[in-house]
Amino acid sequence: MGVRNVSIGEEIRIALPKGRLEADARALFVAAGLMAENGPASRVLLWPGQEPGVAFLLAKPADVPVYVEHGVADLGVVGLDVLREGQYDVYEPMLLPFGHCRLSVAVPKDKVNTYHSLRLHPNPRVATKYPNLARAFFHARGVSPEIIPLSGSVELGPLVGLADVIVDLVQTGRTLRENGLVEVRVILHSQAVLIANRASYRLKEARVKAILERLQRAVK
Amino acid sequence: MSDWRRQTVSNHRPPGRPLPHGVIDRFWQEAAALREAESVLREVYRRWGYTEYIPPTFEYAETLSTGTGAPLQEQMYRFFDRDGKVLALRPDMTIPTARLVGSKLFDQPFPQRYFYTGPVFRYQEPVAGMPREFYQAGVELLGAADPEADAEVLALAVASLQTLGLARFRLVLGQMAFFRGLLESLQLDPADAAVLHSALDRKSAPELQELVSRWGLRGRLREALLTLPQLHGTQGVLAAATKVALNDTMRSALENLRAVERVAALYGIKEMITLDLAEVRGMEYYTGITFEGFVPGLGVAVLSGGRYDHLVGAFGRPQPAVGFAITLDRVLRAWEAQGTQPVVWSPQVVVGGELTRKTLTEVRRLREAGVRVVCYYEAEQAEVVRSYAMAWHIPGVVWCDREAVLAWWEGHARALPSEAWADEVMGWVCGTSR
């Protein structure tokens, strides 16, 4: 029951993602004057912000939109890749200028020609951390993929014969190259985005607006 | 001492019987609170002159699909009648009401006002107090197109949330026609319109920016689209919106909102309303104002409604209509989050010992006075009844045997006369709330 601990008062709780986006997200809120420069150790999961009435919590990236949807966090920072993979009923009022990457289809180097037309493969085995986005992408092209959901080291899939292709995040492309994979399609251009709970957006309108404006200035 | 717990809890545990995903048992506090919310709302709706409509739980799927979009249709539970016709469980109450009025009550005087309470069924991922079978209590006002009718329904929404004891709520008011007008000017095909709808629904700055550049929008069109997500708040929204309005549809939507606001001010509810012109949430059949109610402590809307002027006509003679529904399951969550005093659901008095005619007469007198009384059978000692009472949070215990009448209230021994003790017990019950 996620709604039990919703802050009833005017406190604004902001959920930040651990991992890839964490450093940039922290830097943004420090720049906006909302978070102390020397934040707490990374094991602290909930701590007060630089000014009264603001608090931060640290969560796994995929959990950030869950916290925000249920209103236990009013705002959150998350990658578009995570946001689009799930179905979350949240507002996404602001793009943030970091975390740029793309969600792509990649195939083994020696099969690039075979996979030139994805639709010629009736039932490709697709290893991915993004089963929903991957399925939607192939379905839209009339292809029924066999989705193999993995939670890490997706690049290994084709190497060990588990999958024909992968759908994964690509930043520089180095990991792909090192594993003999070639990017053949981009499913989604991703970057960080600020999300907001629908109720908080109304009930704490003035505070949310003020924070959005400060972030906007910090981004510029 | 024999303890009821030792009698009933043993090593034998019955095998679990699973429930379908998203289907819940409501009992104890949950059941009492749900009925409490329902009866509070029923009373408010009656006072505003709305009369009850009890729609069928299921009817033809085709009927229930009328005027709705793909999302609601995909969420319907469908099954076959014996004759092969496709039936469905009602996914909302507005469609049956529109059918009733459009096809049966069309020649009766208008306006007509109906309220309803009961479960609706949607095949959806259960989220935040919205299981697959959830309870609604709502109203529909049919046959009045005036802003006054819109304002009446908004005022009734406010009265409902207030009577439920929900503090510091807000109503977010939008106007579907404003968005429709924007679509007219953009001349999008249905697929693109759906993309825009979804982006606006999430106030997605990233997607709107992308759409503007993908469709090559310039000048006033571009400005209107990019300004839209900012058109919300309590001050100056209509003035800002007037500047970006592209056509008469958009302008008359704003004119309607202005009129609704004027009447809302007369009802004294204007300060509870936030305008949001980018609010496109809600049923496919909405044509005019739309609104949602938010309460602190709940991350989702507890109430939603709007104007649907074309739905009744799909079933017969057209009538303008406006209404809303409150999700009772979410009211319960909001009560809990706001720390509202829980609804008392257990009996108030348990009577044990020897059940003589005299004892049962006293029990009857208590019940006639509205006290919730249970009898405990087969107990050898008062202690057994007392521990049963404690387990079920029953404040009053009366033990009658041949020699004396013993009594406890909230664990403390109290003196009782051996005759006509019901009066005394009534006094204890009345001394506490409920």
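These figures come from a predicted structure and were not determined experimentally. The residue numbering used here restarts from 1 in each chain and proceeds along that chain's sequence as written. Chains carry letters from A onward and ligands carry numbers from 1 onward, assigned in written order. For a predicted model such as this one, the threshold for reporting local features is a pLDDT of at least 70, and the threshold for listing and counting side-chain atom pairs is 80 or more; totals across whole chains, interfaces and linings nevertheless cover every residue. Side-chain calculation: all heavy atoms of the structure are included, whereas hydrogens and water are not.

Undergrad: Would you mind showing me how to read the domain arrangement of chain A here?
TA: Where interface size is quoted, it is often the accessible area lost as the parts come together. Residue and element names in this part refer to chain A. Domain extents, as shown, originate in an automatic or database domain assignment. In terms of domains, chain A is made up of domain 1 (8-99 + 191-219) and domain 2 (101-189). Here domain 1 and domain 2 have C-alpha centroids that lie 31 Å from each other. With eight residues of domain 1 in contact, the opposing surface of domain 2 contributes nine residues. The contact between domain 1 and domain 2 buries some 740 Å² in all, and 53% of this surface belongs to carbon and sulfur atoms. N or O atoms closer than or at 3.5 Å make up a polar contact, with two conditions inside protein: a donor-capable atom paired with an acceptor-capable one, and, for residues adjacent in sequence, both atoms drawn from side chains. The interface formed by domain 1 and domain 2 holds four residue pairs in polar contact (both at pLDDT 80 or more) in total. For this classification, the nonpolar set comprises Ala, Val, Leu, Ile, Met, Phe, Trp, Tyr, Cys and Pro, the charged set comprises Asp, Glu, Lys and Arg, and every other residue, Gly included, is treated as polar. When grouped by side-chain class, the residues that make up the side of domain 1 that touches domain 2 number two nonpolar, two polar and four charged. Residue contacts are counted whenever heavy atoms from the two residues lie within 4.5 Å of one another. As a working definition, buried area equals the accessible area (1.4 Å probe) given up by two parts on being put together, with both sides summed.

Undergrad: Hey, could you run me through the packing of helix α9 (residues 205-214) of chain B against helix α10 (residues 219-227) of chain B in this one?
TA: In helix packing, the relevant descriptors are the interaxial angle and the interaxial distance, both defined with respect to the helix axes. All names here are of chain B. Look at α9 against α10: their axes get within 10 Å of each other, and the N-to-C directions meet at 170°. Accordingly, the angle class assigned to the pair α9 and α10 is roughly antiparallel. Taken together, the residues of α10 that come into contact with α9 (itself represented by Leu-208, Gln-209 and Val-212) are Arg-222, Leu-225 and Leu-226. A breakdown of the residues in the contact of α9 with α10 according to their chemical character gives four nonpolar, one polar and one charged. Fitted lines through C-alpha atoms serve as axes, helices being fitted only where they are in contact, and the angles separating the N-to-C directions of these axes extend from 0 to 180 degrees. The helix count covers DSSP runs of H or I at least four residues long, the strand count covers runs of E at least two residues long, and both are numbered beginning at the N terminus. Oblique is the label for any angle not covered by the other classes, which are roughly parallel (under 35 degrees), roughly antiparallel (over 145) and roughly perpendicular (65 to 115).

Undergrad: In this structure, what is going on with the pattern of salt bridges? I would like to understand it.
TA: Pairs can form between side chains of opposite charge once their charged atoms are near each other. The term salt bridge refers to a side-chain nitrogen of Lys or Arg lying within 4 Å of a carboxyl oxygen of Asp or Glu. For the coordinates displayed, the defined rule picks out 41 salt bridges over all chains. For the salt bridge of Asp276(B) with Arg202(A), the shortest nitrogen-to-oxygen distance reads 2.7 Å. A residue pair is termed interchain when its members come from two chains, as with Asp276(B) in strand β9 (residues 273-276) and Arg202(A) in helix α7 (residues 198-203). Pair check on accessibility: Asp276(B) and Arg202(A) agree, each one buried. A single salt-bridge network, built from bridges that share partners, covers Arg198(A), Arg202(A), Lys203(B), Asp276(B), Glu279(B) and Glu292(B). The classification of residues rests on relative accessible area computed with a 1.4 Å probe and restricted to protein chains. Under 20% of the type maximum is buried, over 50% is exposed, and intermediate values are partly exposed.

Undergrad: Whenever I open this one, the packing of helix α1 (residues 22-31) of chain A against helix α8 (residues 205-219) of chain A confuses me. Can you help?
TA: All names here are of chain A. Packing of α1 against α8 leaves a shortest axis separation of 8 Å and a crossing angle of 105°. By the angle between their axes, α1 is roughly perpendicular relative to α8. In this structure, α1 uses Leu-28, Phe-29 and Ala-31 to contact α8, whose residues at the interface are Leu-215, Ala-218 and Val-219. Classifying every residue of the contact of α1 with α8 gives six nonpolar, no polar and no charged.

Undergrad: I keep staring at the packing of aromatic side chains and nothing clicks. Help me out?
TA: The geometry of an aromatic ring pair comes down to the distance between the two centres and the angle between the two planes. In summary, the pairing rule links any two rings of Phe, Tyr or Trp, Trp by its six-membered ring, whose centres are within 6.5 Å, and it sorts them by plane angle into stacked for under 30 degrees, edge-to-face for over 60 and tilted for everything else. For the structure shown, the criterion picks out 18 aromatic pairs over all chains. Each ring, one from Trp47(A) and one from Phe56(A), has its centre 5.9 Å from the other, and the planes form 25°; the classification is stacked. Like Trp47(A), the residue Phe56(A) is buried in the burial classification. Taken together, a centroid distance of 6.2 Å and an interplanar angle of 65° make the contact between Phe291(B) and Phe324(B) edge-to-face. In this pair, Phe291(B) sits in strand β10 (residues 289-294) while Phe324(B) sits in strand β12 (residues 321-327), placing the two residues 33 residues apart along the sequence. Each member of the pair, Phe291(B) together with Phe324(B), is buried.

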